[in-house]
Amino acid sequence: MQVTLKVFRFNPEVDKKWHYETYVIEAQLTDRVLDLLEYVKGYIDGTLSFRRSCAHGVCGSDALRINGLNALACKVLVRDLGDKITVDPIMGLKVIKDLIVDMDPFFDNYKKILPYFINESPIPADGRERLQSPEQRERFDDTTKCILCACCTTSCPSFWGSDDYLGPAALVTAHRFIFDSRDEAAADRLQIVAETSGLARCHTVYNCTLACPREIQVTVAIGELKRAVMTGKVD
Amino acid sequence: MNIHQFEVIVVGAGGAGLMAGLYASKTASTAVISKLYPTRSHTGAAQGGIGAALGNLEEDHVEWHTYDSVKGSDYLGDQDAIEFMCQEAIDAIYELEHMGLPFDRTPDGKISQRPFGGHTNNNTGRPVRRAAHAADRTGHMILQTLYQQCLKNNVKFYDEFQVVDVLVKDGRTVGAVALDMATGELHVFHGKTVIIATGGHGRMWEITSNAYAYSGDGAAITWRRGIPLEDMEFFQFHPTGIYKLGILITEGVRGEGGILFNGKGERFMTKYAPTVKDLASRDVISRAMYIEIRDGNGINGSNYLYLDVRPEVVNKYAALDGRTNPDGSPINVTADQLLHKLPDIVDFNRVYLGIDPMTQPMPIQPTAHYTMGGIPTNMYGEVVIDEKNTVFPGLYAAGEVACVSVHGANRLGTNSLLDLVVFGKYAGLRAAEYAKGVDYGSLPEDPEGFAREQFDRIRNGSSKENAFDIGREMKKVMFDDVGVFRTEEGMKRALAKIGELRERFKEVGVKDTGRIFNTELINAWELGNLLDLAEVVTFSALNRTESRGGHARDDYAQRDDVNWLKHTLIWPENGKFRLGYKPVVITKYQPKERVY
């Protein structure tokens, strides 16, 4: 089938303003949007720039706005979209070139919530694992899936308004540690997410949950953080 | 010129690079340079588990893990290194847990383990639960955890810097040169040591589970500096890639009881591996699949087979095989339980095939997966450059790019994640220790010269040839002729074709003349790496006139221990190759027939 692919283009070394470029290409229903972009780059215009690596939805490189919705280009197929496809960079982060945006503000927010396991207590005397029941492990299972692709954060109107909002991805990571029975820094993290640039900016628009290619229940996780902040209890 | 100075320069930020960076940075100034954001690294695509004889669910021993790995390697693995890795495995897993890695748990709160191909109880020969796992995203959790710990420890990262060259002077390593992708500027990293941890080269095959990033950069870079490569003929084809796409379906599916079927509805692995059946080594199963397909037993006569993990199938064959739960009760899994253990597998099938593996079998075919060969190292990550294992001062390699060799001719599932963690750590420790005892060597004149020359050649190319066409032709000939089964005729054809493609590559150019994120230029350079290595792989494979592990030849169908129980070394020499060999280290396990 023929697909009309409209792609956001901006070359900072040449262009004053962005524009769309339209490519009419042969495609199959099972082609990924990433395959189409690769085709354009390989055979029509080598200057088209975008990030990608694993091509099956686990590395998080190719978060894009596809027909208006955030998704990974390697996880959306032509059959999901039909024959008219528009690809834009994710919003709320500065466009560097074509579909490549500046990810630094995103990762800076991630780094604010102490995104690492903290447990300064001695490890078990036998040197083996800290015990955790399957139920305790299940408590934060969903938020361990995050691949930091930024689909959620850049779908959030609050983040579009101001990139000092931590954003859903950072909150998801905060949840992953706060609800881990082995971690000891929940109180510190709850304090961070309770600050004005944190949970208060979430107005449960729900875009994040719809955008997540890992199907993390982002809004549920944020709701659990809000409850923990209000009650002062993590359970 | 942009010059930075660090005692230890780590190239690559997957599991091995992060582990090396974490350990080196404890005592030495360290930079981790990666062409991807660290969390995009291919370690994150590993699914099923990481192996260690923890014995959390049943009896297991380091010796069993060692023997299984030796046998899995088809006796080409160095037994001292394998013993070391399997011994270190225990502490490595606990260390990951102490770093916060969210392993799945047993009912009594310990790290859960599942069976995996080739891992056995050495008394009964039956599969043993050895693969510690976090659902079917174990690699993702390792990558995230290690990156997080690096952040905690303030490891210095240079993200989206493409390393292009390693600097050597007066017989020692003095740094690396990298392209800052965001600005297009070259940076010189003046170092006392360089640790290469760039992963494999699986993108040279048509059907592959590997990321675009897997273009063999590290091996190609050191090769161009005259460092040899080892056992490059050995590459693993994973039996269960999604048909046509090659996306990995973890062996953990079979660990959870999934069964392989041919077009006649037969569970064909009983013919090829009567004891462990669907949990035989990957090379054994991939060959069995090719034979089934060749004999017309593909699904509907096509070139794919089925992997079936529907609960009723899992339960039926568990009963037939006499497999039980750890407490001896019969296995009776539900779709919900399987979904919980294999969520990503279910998701891949739904997204890419529109199939629900809980109600339908998955169409699969072997997919290029893992580089067993690579830059020769000893078990401390030090690069060794000849038959006598002479260390090249200041140069280290770890992870998939390295050949220790712990995987020999065929790697067991779960041993790659283990390799990353164990040898990444030791490479980091050794490099930092070495750096403390030496001064910075002096940089060569015009340190960026060779890097610039490589890019200029592409920038100034005639554009008579298209890089994508060359890449496609390379992948096809490698998959057809240097794949699961090989013949002299096919490999000679491949060698000629690769030679032709390398010539045509000289006529590749780029339309993008910019500096900022010139991914066209970088991709073309990566293709050059793959072409160089494809020639090395094929030349090494043609030279080895036997079948062993992942290197299976129709014309030399038997393993030949008399002539070939040795590692291949290959050096670049005046635009050609020089071959050499070194013996396999054998400690306890004399080679014998490999039966599963």
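Residues numbered from 1 in each chain as written. Chains lettered and ligands numbered in written order. Predicted model: local features only at pLDDT ≥ 70, side-chain atom pairs only at ≥ 80, totals over all residues.

Draft legend 1. Representation of the overall build of chain A within the structure. Tallying secondary structure elements over chain A gives nine helices and seven strands in all. Based on the C-alpha atoms only, the size of chain A along its principal axes is roughly 60 × 35 × 30 Å. Considering chain A as a whole, with its 235 residues, one finds that 49% of them fall into the buried category. Within chain A, counting contacts between residues at least 6 apart in sequence, those at least 24 apart form 65% of the total. (Helix = DSSP H or I, 4+ residues; strand = E, 2+ residues; numbered from the N terminus. Buried ≥ 20, exposed ≤ 12 C-beta atoms within 10 Å, placed from the backbone. Contact = placed C-beta atoms within 7 Å.)

Draft legend 2. Quick look at the overall build of chain B. Looking only at helices and strands, one finds 17 helices and 22 strands in chain B. The C-alpha radius of gyration computed for chain B amounts to 23 Å, which stays within 12% of the reference 25 Å derived for 596 residues, consistent with globular compactness. Reported as C-alpha extents along the three principal axes, the dimensions of chain B are approximately 70 × 50 × 50 Å. For chain B, contacts bridging at least 24 residues in sequence account for 75% of all contacts bridging at least 6. (Rg over C-alpha atoms; globule rule 2.2 N^0.38 Å.)

Draft legend 3. Inspection of the pairing of strand S22 (residues 576-583) of chain B at higher detail. Residue and element names in this part refer to chain B. Pairing geometry for strand S21 (residues 566-573) and S22, over eight bridges, is antiparallel. Among the inter-strand pairings, Thr568 is bridged to a residue of S22, identified as Tyr581. Once S21 ends, the chain turns through two residues before running back antiparallel as S22, passing Asn574 with a positive phi of about 50°. (Pairing = 2+ DSSP bridges.)

Draft legend 4. Layout of the interface of chain A and chain B. Listed per partner, the contact involves 45 residues of chain A and 43 residues of chain B. Per-element tally for the side of chain A that touches chain B: the top contributor is helix H1 (residues 33-44) of chain A, with three residues. Grouping the constituent residues of the side of chain A that touches chain B by class yields 17 nonpolar, 13 polar and 15 charged. (Nonpolar A, V, L, I, M, F, W, Y, C, P; charged D, E, K, R; others polar.)

Draft legend 5. Highlighting the domain arrangement of chain B. All names here are of chain B. Considered domain by domain, chain B is made up of domain 1 (241-365) and domain 2 (449-578). If you average the C-alpha positions of domain 1 and of domain 2, the two centres end up 33 Å apart. Opposite the four residues of domain 1 that make contact, domain 2 presents five residues. (Domains from an automatic or database assignment.)

Draft legend 6. Just the sheet that holds S21 of chain B, in detail. Residues and elements named next belong to chain B. The strand order S10-S21-S22 describes an open sheet built from three strands, whose pairing is antiparallel. Among the strands making up the open sheet, the edge pair consists of strand S10 (229-230) and S22. Contacts between helix H16 (residues 519-543) and the sheet are confined to S10, S21 and S22, with S21 contributing the most and set at about 135° to the helix. (Axes fitted to C-alpha atoms, helices over the stretch in contact; angles between N-to-C directions.)

Draft legend 7. Structural detail: the pairing of strand S3 (residues 63-66) of chain A. Residue and element names in this part refer to chain A. Along S3, one buried face is formed by Ala63 and Arg65 and the opposite face, lined by Leu64 and Ile66, is buried too. As paired elements, S3 and strand S4 (residues 69-72) share four bridges and run antiparallel to each other. Residue pairing in the sheet places Ala63 in a bridge with Leu72 of S4. Following S3, the chain reverses through two residues before pairing antiparallel with S4; Asn67 in that reversal takes a positive phi of roughly 45°.

Draft legend 8. Highlighting the sheet that holds strand S12 (residues 259-261) of chain B. All names here are of chain B. Spatial strand order, S11-S14-S13-S12: four strands in an open sheet with antiparallel pairing. Each edge of the open sheet carries a strand with a single partner, namely strand S11 (235-242) and S12. Sheet twist, expressed as the average angle between the axes of neighbouring strands with direction ignored, equals 45°. Pairing of S12 with strand S13 (residues 305-308) involves three bridges; the strand directions are antiparallel. Among the inter-strand pairings, Leu260 is bridged to a residue of S13, identified as Leu307.

Draft legend 9. How the structure looks around unusual backbone geometry. Residue and element names in this part refer to chain B. Following Val404, the chain continues to Ser405 via a peptide bond in cis, the omega torsion being 5°. Residue position: Ser405 is located in the loop between strand S18 (402-403) and helix H12 (415-436). The phi angle at Glu160 is positive, at roughly 55°, despite the residue not being glycine. With a phi angle near 50°, Lys277 is a residue other than glycine that sits in the positive phi range. If you trace the backbone, Lys277 turns up in the loop between helix H7 (269-272) and helix H8 (282-294).

Draft legend 10. The arrangement of the domain arrangement of chain A in detail. Residues and elements named next belong to chain A. The domain boundaries assigned to chain A delineate domain 1 (2-101) and domain 2 (104-231). The straight-line distance from the C-alpha centre of domain 1 to that of domain 2 is 29 Å. If you tally residues by element for the side of domain 1 that touches domain 2, the top one is S4, at four residues. Residues of the side of domain 1 that touches domain 2, tallied by class, amount to nine nonpolar, four polar and one charged.

Draft legend 11. Representation of the nonpolar core within the structure. Formed by 260 residues in total, the largest nonpolar core has its most connected members in Val10, Ile33 and Ile195 of chain B. The biggest single contributor to this core is H16 of chain B, with 13 residues. (Core = buried A, V, L, I, M, F, W, Y, C linked by C-beta atoms within 7 Å.)

Draft legend 12. Region of interest: the packing of helix H7 (residues 186-194) of chain A against helix H9 (residues 218-231) of chain A. All names here are of chain A. Across the interface, H7 lies against H9 with an axial gap of 10 Å and an inter-helix angle of 105°. As the angle between them shows, H7 and H9 are arranged roughly perpendicular. Contacts from Leu190, Val193 and Ala194 of H7 reach H9 at Leu225, Ala228 and Val229. Within the contact of H7 with H9, the residues separate by chemical class into six nonpolar, no polar and no charged. (Parallel < 35°, antiparallel > 145°, perpendicular 65-115°, else oblique.)

Draft legend 13. Looking closely at H12 of chain B. When the terminal C-alpha atoms of H12 of chain B are compared, their 31 Å separation across 22 residues agrees well with the 32 Å that a helix rising 1.5 Å per residue should span. With 19 of 22 residues buried, H12 of chain B is to be regarded as a mostly interior element. (Expected span 1.5 Å × (residues − 1).)

Draft legend 14. Structural context of the environment of Gly550 of chain B. Residues and elements named next belong to chain B. Structurally, Gly550 is set in the loop between H16 and strand S20 (552-553). Using a count of 31 C-beta atoms within 10 Å as the deciding quantity, one classes Gly550 as buried. With 139 residues separating them along the chain, Gly550 and Arg411 place their C-alpha atoms 8.7 Å apart. Once residues lying within four places of it in the same chain are set aside, the contact partners of Gly550 are Phe234, Phe235, Gln236, Phe237, Asp283, Met372, Ala409 and Asn410.

Draft legend 15. Representation of the packing of helix H15 (residues 488-505) of chain B against H16 of chain B. Residues and elements named next belong to chain B. Two elements in contact, H15 and H16, have axes separated by 9 Å at closest approach and are oriented at 155°. Our classification of the angle between H15 and H16 gives roughly antiparallel. Classified by chirality, the crossing of H16 by H15 is left-handed. Between H15, through Glu488, Met491, Lys492, Ala494, Leu495, Ile498, Leu501, Arg502 and Phe505, and H16, the contact on the second element is made entirely by Leu527, Gly528, Leu531, Ala534, Glu535, Thr538, Phe539, Ala541 and Leu542. Partitioned by chemical class, the residues of the contact of H15 with H16 number twelve nonpolar, two polar and four charged. (Left-handed = near helix turned anticlockwise from the far one by under 90°.)

Draft legend 16. Focus on the environment of Gly441 of chain B. Residues and elements named next belong to chain B. By secondary structure assignment, the location of Gly441 is in the loop between H12 and helix H13 (449-459). Residues Gly441 and Val174 lie 267 residues apart in sequence; the distance between their C-alpha atoms is 5.8 Å. Residues in contact with Gly441, not counting those within four places in the same chain, are Lys169, Asp170, Arg172 and Val174.

Draft legend 17. The confidence of the model for chain B, seen in detail. With 100% of its residues at a pLDDT of 70 or more, chain B shows a mean pLDDT of 97. Scoring of the predicted complex yields 0.98 for pTM and 0.98 for ipTM. (pLDDT = per-residue confidence, 0-100.)

Draft legend 18. Seen up close, the environment of Arg457 of chain B. Among the structural elements, Arg457 of chain B can be located in helix H13. Along the sequence, Arg457 of chain B and Trp525 of chain B sit 68 residues apart, while their C-alpha atoms lie 9.7 Å from each other.

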